[in-house]
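# Inside the fold
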Amino acid sequence: MLAVEHLKKSFGDMTVLEDIGLTVEKGDVAVILGPSGAGKTTLLRCLNFLEHAEEGTLVFQGQSFDLRTVRSDAIRAYRMRTAFVFQGFHLFLNKTALDNVTEGLIVARGMEQKPAREKAMEMLEKVGMADHASFFPGKLSGGQQQRVAIARALATDPQIIFFDEPTSALDPELTGEVLAVMKKLAEEGRTMLIVTHEMQFAKTVSNRVFFMEDGRIVESGKTGEIFTHPREERTRAFLQIGTDERGE
């Protein structure tokens, strides 16, 4: 479904991503793991053109994009088939949960208000937020806001959803709410690429792991293989630290 080759990204004189290559197949729940500063979020943002890489090729559903020269109209068309869930929710504070989900359907996709609201309510129901459709973000917990953000992503029927550390701003109880929704999406066969520090979630829900450090993918493979028999010493050390911290 999605493949990237030789991706490079710099900020000024500092190279933050170097020769990145990865593939995500339809139905994959793939996670990107690694220490803080490894470049995980920057990579995810490059894959949805929220950051612009200066080198590399991205292929999505058979369509190839030169990351150096991709046109704005091609980016818009690509984003119509993808969705991005941010760390910080990015909800409109002056709009209700329902309006936050319908906004993109009406403004960006030209859907009529009635079917947009019906679609939004369906997605809020899916994430357990239908009863809070009339609430403004300020009246919702962080976990509830993130579930609204996931409903907003689902409403566009994306072929792949990018999640950028969706639980990093939440306490453990609220984290569980969001991870439960994501697990349900995985069981439905949704294609997802997730940056996360939630090791147990990665171990039990994902089927593919990319481990990053210093702007490179150090190791990748099937989840069971990476967690039980990682090839690289740095991967082993990182996974051991994550396990020790959580008592798993």
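Residues numbered from 1 in each chain as written. Predicted model: local features only at pLDDT ≥ 70, side-chain atom pairs only at ≥ 80, totals over all residues. Heavy atoms only, no water.

The next subject is the overall build of the chain. A tally of helices and strands in the chain yields nine helices and 10 strands. For 248 residues, the compact-globule formula gives about 18 Å, and the C-alpha radius of gyration of the chain, at 18 Å, lands near that figure. Principal-axis analysis of the C-alpha atoms gives the chain an extent of 55 × 45 × 35 Å. Here the chain, with 248 residues, has 49% of them falling under the buried criterion. In the chain, the share of contacts with a sequence separation of at least 24, taken over all contacts with a separation of at least 6, comes to 65%. Summed over its atoms, the accessible surface of the chain is roughly 11,700 Å², and 48% of this surface lies on carbon and sulfur atoms. Averaging the positions of the 30 positive and the 36 negative side-chain charges in the chain gives two centres separated by 4 Å. (Helix = DSSP H or I, 4+ residues; strand = E, 2+ residues; numbered from the N terminus. Rg over C-alpha atoms; globule rule 2.2 N^0.38 Å. Buried < 20%, exposed > 50% of the residue type's maximum accessible area, 1.4 Å probe, protein only. Contact = heavy atoms within 4.5 Å. Areas by Shrake-Rupley, 256 points an atom, 1.4 Å probe, with all protein chains shown as cover. Lys, Arg positive; Asp, Glu negative; His and termini not counted. Charge placed at Lys NZ, Arg CZ, Asp CG, Glu CD.)

A separate point is the side chain of Asp164. For Asp164, the location among the structural elements is in strand β7 (residues 160–164). For the buried Asp164, which has no salt bridge, the nearest side chain bearing the opposite charge is Arg45, at an N-O separation of 5.7 Å. At 2.7 Å, the side chain of Asp164 forms a polar contact with the side chain of Thr41. Filtering out sequence-adjacent residues up to four positions away, Asp164 remains in contact with Thr41, Leu44, Phe84, Val85, Phe86, Gln87 and Val195. (Salt bridge = Lys/Arg side-chain N within 4 Å of Asp/Glu carboxyl O. Polar contact = N/O pair within 3.5 Å; in protein donor to acceptor, adjacent residues only side chain to side chain.)

Attention now goes to the sheet that holds strand β3 (residues 29–33). Spatial ordering of the open sheet is given by β6-β7-β8-β3-β9-β10, a layout of six strands whose pairing is mixed. What marks the edges here is a single partner per strand, and that holds for β6 (82–85) and β10 (216–222). Neighbour to neighbour, the strand axes of the sheet diverge by 15° on average, direction disregarded. Two elements, β6 and β7, share four bridges in a ladder whose sense is parallel. The residue bridging Val85 from the neighbouring strand is Phe163, located in β7. Contacting β6 and β7, helix α5 (residues 142–155) crosses the sheet at an angle of about 170° to β6. Helix-sheet contacts for helix α6 (residues 172–187) involve β3, β7 and β8 (192–195), and the interaxial angle to β8 is about 150°. (Pairing = 2+ DSSP bridges. Axes fitted to C-alpha atoms, helices over the stretch in contact; angles between N-to-C directions.)

Quick look at the side chain of Gln146 now. Within the secondary structure, Gln146 is located in helix α5. A relative accessible area of 0% means that Gln146 is categorised as buried. In this structure the side chain of Gln146 is engaged in a polar contact, spanning 2.8 Å, whose partner is the backbone oxygen of Pro166. Residues within four places of Gln146 in sequence aside, it is in contact with Val85, Phe86, Gln87, Phe89, Pro166 and Val178.

With that out of the way, let us pick up the confidence of the model for the chain. Atom-level detail of predicted coordinates should not be read off regions where pLDDT is low. Looking at the chain, the pLDDT average stands at 93 and 97% of residues meet or exceed 70. Ranking the elements of the chain by mean pLDDT puts helix α9 (residues 233–246) last with 75 and β3 first with 98. (pLDDT = per-residue confidence, 0-100.)

Time to look at the environment of Gln200. Here Gln200 is to be found in helix α7 (residues 199–205). You can call Gln200 partly exposed: its relative accessible area is 34%.

This brings us to helix α1 (residues 40–47). Across the eight residues that make up α1, a large majority, six, are buried. Considered for burial, the residues of α1 that qualify are Lys40, Thr42, Leu43, Leu44, Cys46 and Leu47. In the segment just after α1, Phe49 is the residue with positive phi, at about 60°.

Further remarks concern the packing of aromatic side chains. Summed over the entire model, instances satisfying the criterion amount to seven aromatic pairs. Arranged with centres 5.2 Å apart and planes meeting at 75°, the rings of Phe60 and Tyr78 form a pair that is edge-to-face. Linking Phe60 in strand β4 (residues 55–60) with Tyr78 in helix α2 (residues 72–79), this pair joins segments that are 18 residues apart in sequence. Just as Phe60 is buried, Tyr78 falls in that class too. Each residue in the set Phe49, Phe60, Phe65 and Tyr78 is aromatic and connected to the rest through ring pairs, giving one cluster. (Phe/Tyr/Trp six-rings, centres within 6.5 Å; stacked < 30°, edge-to-face > 60°.)

As a further point, take the pairing of strand β2 (residues 14–24). Sheet topology places strand β1 (residues 2–11) next to β2; seven bridges connect them, and they run antiparallel. Paired with Lys9 across the two strands is Leu17, which belongs to β2. Adjacent in sequence and paired antiparallel, β1 and β2 are bridged by two residues, among which Gly12 carries a positive phi angle near 65°.

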